[in-house]
Amino acid sequence: LIHFYKRKMSLEFRSLQPDQYLRKHIEAGVRPDGRSLNERRPLTLSSANISTADGSAVVKQGNTTVVCGIKLELAKPAAENPDQGFVVPNVSLPPMCSPNFKPGPPSVQAQALSTFIRDCLDASQCLDLGSLCPVPHKYAWVLYIDLMCLDHDGNLRDALIAALMTALRSLKLPKVLYDEEMDTVQVVEEWSKLDVKRIVLSNTLAVYSLGGTANLVVDPTAEEEDRADSLLTFVTTEKEEVCLSQETGSSCLSEETIQSAISLSTKQAKQILTAVLKAQS
Amino acid sequence: MDIDETNSSLRPMFCELGGITRADGSSIFSCGDTTVACAVYGPGEVRPNRESINKSSIEVAYRSRNGNSGLQDRKRELFLEKTCESGILAALHPRTAITINIQEMHDDGGLLSACVNSAFLSLLDACVSLRFLVAAVTCAVDNEGNLHLDPSKKEMKRASATLVFVFESRSHSIISSHTEGLVNQLKYQQCCAMAKSAAAKTLQFYRVVMNKKFSKDS
């Protein structure tokens, strides 16, 4: 009976004073779902699910679900880079994933995430764009990368990057035969895997300033993300280099805190890496 | 890979406050050749969908020189919005909006940090209550591993990584940061340290600007 009343009170506390509820948990070193501050949610990755796409992946991180689909197309390469293929990433956050999004043009969050994906691809140099141009000046591969969130329960960045990397690794390129005299191309169904030069993985931490110290919380849920003082994202490579980092929000962080966040991120990235490598058998 | 080879000085900075007379506060800030104009309106009327009952809504509009609006502009707006939100005492003005309009006039590298600096100078000119001042600094790491403070556009193009750090004036801790490009942890730390010492010089420059504004000559 005591348990019943305790749970009722905690639910009331959670809805009436969500900030206090969350902060009391973090002060005690746990989170509302029972995880410790450094614990990630269980991650499930599967690749090559979508048969109509040339590369695909589905990632589930706790309740956050993200789908990535890559379609290939042959197009004329850009004039400034005539011997390179190019990538067109797009992140969409449809109304079904969260009550915060309504139908209409892409929201600010969706646009910010699309830029994030593009910046990651550019900064990581994980794709050799030169290998994506079978006929320089005439025909180059365009990779249309569509990332869609099906369920937004926080920490989209990590899920999106994991889905992106898994989908890129599942991508198979057909062979292109170019007839120079007739200036035609023929696509033959002889598949070769896309050469992904490095895998980068993202780790997002929510920062809560409690009593002057900054508490770092790994893999925040939507509830934790909304109430955080700021969010830190580090995209790191296997060699523990930082490929992209972003801090947004209103906490003041010392350099030591940032350093410990980077070390934590590289450790966590190793866990995600084993999952990504396993997904592509 | 020699640290002595770093280019560790900021380009000369210049700022004119109050140039845009219709705005509540404005600044035209330049760092080297990179020039940014910023106008602040507020606290003023807010659209109902952005109205907040316990604080002012901070809205940033960024326009690039060639006028074509793209995703990179949205990214800059979001970065500026978050940085300004952390510094402005928004709780003093509920149900209002503080609008920050930034116009790129010339980009010779370090544009994002110039935008942050000019936004805060405009907020000072508009007498918006602030928690602290910020100084934003850009660093670049080139392919040989040399660090360049406040890089020009050419240096940024050749760089293998660019790092932007925003420091606040009270304890010199980091409010926001944005880094792109592969850099190992040691270089990251070195860039951070280099940026921190440059931030102190930027904050001194703010003092000079404000002194000029309130001196008897102007």
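Scroll up for the structure.
A brief report on the enclosed structure follows. These numbers were taken from a predicted model, which means no experiment stands behind them.

### Regarding the interface of chain A and chain B
Interface size is often expressed as the accessible area that is lost when the parts come together. Taken together, the contacts link 32 residues of chain A with 29 residues of chain B. Around 2600 Å² of area is buried between chain A and chain B when both sides are counted, 56% of it from carbon and sulfur atoms. Summed over the three residues of chain A that lose the most area to chain B, namely Glu247, Cys252 and Glu255 of chain A, the buried surface amounts to 20% of that side. Linking chain A with chain B are two salt bridges. Residue Glu255 of chain A is joined to Lys196 of chain B by a salt bridge in which the shortest nitrogen-to-oxygen separation is 2.8 Å. The interface formed by chain A and chain B contains eight residue pairs in polar contact (both at pLDDT 80 or more).

### Some remarks on empty space enclosed by the protein
Residue and element names in this part refer to chain B. Per the counting criterion, the structure on display carries two cavities of 30 Å³ or more. Estimates place the volume of the largest cavity at around 80 Å³. As for the largest cavity, its lining consists of 14 residues, and the residues nearest its centre are Cys31, Ser113, Asn117, Ala136 and Asp150. Of all the secondary structure elements, the ones that give two or more residues to the lining of the largest cavity are strand E2 (25-31), helix H2 (111-125) and strand E6 (134-141).

### Quick word on the pairing of strand E8 (residues 161-168) of chain B
On any regular strand, side chains alternate: one points to one face of the sheet, the next to the other face. Residue and element names in this part refer to chain B. With eight of eight residues buried, E8 is to be regarded as a mostly interior element. Every second residue of E8 is oriented toward a common face, with Ala161, Leu163, Phe165 and Phe167 on one face and Thr162, Val164, Val166 and Glu168 on the other, all of them buried. Looking at chain direction, E8 and strand E9 (residues 174-184) are connected through seven bridges and run antiparallel. Residue pairing in the sheet places Val166 in a bridge with Ser176 of E9. What sits between E8 and E9 in their antiparallel hairpin is a turn of five residues, with His172 showing a positive phi close to 55 degrees.

### Here's the deal with the pairing of strand E8 (residues 200-210) of chain A
All names here are of chain A. Burial within E8 is extensive, with 10 of its 11 residues counted as buried. With eight bridges connecting them, E8 and strand E10 (residues 230-237) associate as antiparallel partners. Bridging from a neighbouring strand, Val200 pairs with Thr237 of E10. In terms of strand pairing, E8 meets strand E9 (residues 213-218) through six bridges, oriented antiparallel. Counted as the bridge partner of Leu205 is Val218 from E9.

### Observations regarding the packing of helix H6 (residues 255-279) of chain A against helix H4 (residues 185-214) of chain B
At a minimum axis distance of 11 Å, the contact between H6 of chain A and H4 of chain B shows a crossing angle of 160 degrees. Considered as vectors, H6 of chain A and H4 of chain B are oriented roughly antiparallel to each other. The two elements H6 of chain A and H4 of chain B meet at a crossing, and its hand is right-handed. Contacts from Glu255, Ile258, Gln259, Ile262, Ser263 and Thr266 of chain A in H6 of chain A reach Gln185, Tyr188, Gln189, Cys192, Ala193 and Lys196 of chain B in H4 of chain B.

### Considerations on the pattern of salt bridges
Under the criterion given, the structure shown has 26 salt bridges over all chains. Between Asp158 of chain A and Arg40 of chain A there is a salt bridge whose closest N-O contact spans 2.8 Å. Separated by 118 residues along the polypeptide, Asp158 of chain A in helix H4 (residues 156-170) and Arg40 of chain A in the loop between helix H2 (18-27) and strand E1 (43-47) bring together distant segments of the chain. No difference in accessibility class separates Asp158 of chain A from Arg40 of chain A, as the two residues are buried. Residue Arg50 of chain B is joined to Glu59 of chain B by a salt bridge in which the shortest nitrogen-to-oxygen separation is 3.7 Å. Three or more residues joined by partner-sharing salt bridges are found here, namely Arg31, Asp33, Arg35, Arg41, Asp153, Asp219 and Glu224 of chain A.

### Thoughts on the side chain of Arg23 of chain A
Residues and elements named next belong to chain A. Looking at the secondary structure, you find Arg23 in helix H2. For Arg23, a relative accessible area of 17% puts it in the buried group. For Arg23, the side chain forms a polar contact with the main-chain oxygen of Arg227, separated by 3.4 Å. Excluding residues within four positions of it along the chain, Arg23 makes contact with Tyr208, Ser209, Leu210, Arg227 and Asp229.

### Thoughts on the layout of surface pockets
Reported here for the second largest pocket is a volume of approximately 1100 Å³. Surrounding the second largest pocket, 26 residues form its lining, Gln72, Lys75, Met156, Thr162 and Glu180 of chain B being those nearest its centre. Where the lining of the second largest pocket is concerned, the elements lending two or more residues are helix H3 (108-124) of chain A together with helix H1 (71-87), H2, helix H3 (153-158), E8 and E9 of chain B. No other element matches H3 of chain A, which puts four residues into the lining of the second largest pocket.

### Side note on a negative patch on the surface
Residue and element names in this part refer to chain A. Together, Asp179, Glu180, Glu181 and Asp183 line one region of the surface with negative charge. Note on placement: Glu181 falls in the loop between strand E6 (172-179) and strand E7 (184-193). With a relative accessible area of 77%, Glu181 lands in the exposed category.

### Quick word on the nonpolar core
Phe234 of chain A together with Ile100, Ile102, Leu123, Phe165 and Tyr188 of chain B are the most contacted members of the largest nonpolar core, which totals 74 residues. At 12 residues, H4 of chain B tops the list of elements feeding residues into this core. Here Phe165 of chain B is in contact with Ala135, Ala136, Val137, Ile174, Ser176, Ser177, Thr179, Tyr188, Cys191, Cys192 and Ala195 of chain B, once residues within four sequence places are set aside. Leu93, Trp141, Ile145 and Ala163 of chain A belong to the second-largest nonpolar core, a separate cluster that totals 54 residues.

About the cut-offs
- Residues numbered from 1 in each chain as written.
- Chains lettered and ligands numbered in written order.
- Predicted model: local features only at pLDDT ≥ 70, side-chain atom pairs only at ≥ 80, totals over all residues.
- Heavy atoms only, no water.
- Contact = heavy atoms within 4.5 Å.
- Buried area = accessible area lost by both parts, 1.4 Å probe.
- Salt bridge = Lys/Arg side-chain N within 4 Å of Asp/Glu carboxyl O.
- Polar contact = N/O pair within 3.5 Å; in protein donor to acceptor, adjacent residues only side chain to side chain.
- 1 Å grid on protein atoms, 1.4 Å probe; cavity = no way out; pocket = protein on both sides within 12 Å on 5 of 7 lines; lining within 4 Å.
- Points joined across faces, edges and corners; volume = space filled by probe spheres on them.
- Helix = DSSP H or I, 4+ residues; strand = E, 2+ residues; numbered from the N terminus.
- Buried < 20%, exposed > 50% of the residue type's maximum accessible area, 1.4 Å probe, protein only.
- Pairing = 2+ DSSP bridges.
- Axes fitted to C-alpha atoms, helices over the stretch in contact; angles between N-to-C directions.
- Parallel < 35°, antiparallel > 145°, perpendicular 65-115°, else oblique.
- Left-handed = near helix turned anticlockwise from the far one by under 90°.
- Patch = residues over 30% accessible without salt bridge, like charges linked within 9 Å, V, L, I, M, F, W, Y side chains within 5 Å.
- Areas by Shrake-Rupley, 256 points an atom, 1.4 Å probe, with all protein chains shown as cover.
- Lys, Arg positive; Asp, Glu negative; His and termini not counted.
- Charge placed at Lys NZ, Arg CZ, Asp CG, Glu CD.
- Core = buried A, V, L, I, M, F, W, Y, C linked by side-chain atoms within 4.5 Å.

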